[in-house]
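# Fold and geometry: a report
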Amino acid sequence: MQQRVSTWRRSSFCGAGGNNCVEVAATVGGVAVRESEVPGRVVVAEPAAFAALLDAIRAGRVGGPGG
């Protein structure tokens, strides 16, 4: 199902013009997340779930790849 999104925003960790970035956008019912290398694969989360994910990342409870 296609989600209508606002403007995609890239992570500040993306670097200068790279194409391996996490991107987020607001949707009608939540937050859409995708990787810039595969823009057609989009995950949509409810705002509360996305906020909980961000809190867990900031608290160090979610590691990077393989962690």
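Described in the following lines is the structure provided in the data block. Within each chain, residue numbers correspond to sequence positions counted from 1 in written order. Only residues with pLDDT of 70 or above have their local features reported here, since the model is predicted, and side-chain atom pairs are shown and tallied only from 80 upward, although totals for entire chains, interfaces and linings are computed over all residues. Side-chain measures were taken over the full set of non-hydrogen atoms in the model, leaving aside hydrogen atoms and water.

## Points about the overall build of the chain
- By definition, any uninterrupted DSSP run of H or I lasting at least four residues is a helix, any uninterrupted run of E lasting at least two residues is a strand, and each is numbered from the N terminus. A tally of regular secondary structure across the chain gives one helix and four strands.
- For every residue, the accessible area obtained with a 1.4 Å probe (protein chains only) is divided by the maximum for its type, and the residue is called buried under 20%, exposed over 50%, and partly exposed between those limits. The 67 residues of the chain split such that 18% are buried.
- Sequence separation of at least 24 residues holds for 14% of the intrachain contacts in the chain that already meet a minimum separation of 6.
- Only carbon and sulfur atoms are counted for the fraction: they give 55% of the accessible area of the chain, which is about 5,100 Å². Two residues qualify as a contact provided that any one of their heavy atoms is within 4.5 Å of a heavy atom in the partner residue. Only the protein chains shown count as covering a residue, and every accessible area follows the Shrake-Rupley method with a 1.4 Å probe.

## What about helix α1 (residues 47-58)?
- A rise of 1.5 Å per residue sets the reference length of α1, with its 12 residues, at 16 Å; its end C-alpha atoms lie 17 Å apart and thus fit the reference within 8%.
- Positive backbone phi, approximately 80 degrees, marks Gly 60, located one or two places after α1. Here a helix's expected span is defined as the number of its residues, less one, multiplied by 1.5 Å.

## Here we look at the layout of surface pockets
- Here the largest pocket defines a volume of roughly 430 Å³.
- In this structure, the largest pocket is lined by 17 residues; those nearest its centre are Ser 11, Phe 13, Val 22, Glu 23 and Val 24.
- Broken down by secondary-structure element, the contributors of at least two residues to the lining of the largest pocket are β1 (9-10), β2 (22-26), β3 (31-35) and α1.
- Here the element with the most residues in the lining of the largest pocket is α1; it accounts for four residues. Here a cavity means grid points, on a 1 Å grid over the protein atoms only, where a 1.4 Å probe fits yet cannot get out; a pocket means an open set of points with protein on both sides within 12 Å along at least five of seven lines; lining residues are those with an atom within 4 Å of a point. Grid points are joined across faces, edges and corners, and a volume is the space filled by probe spheres set on the points.

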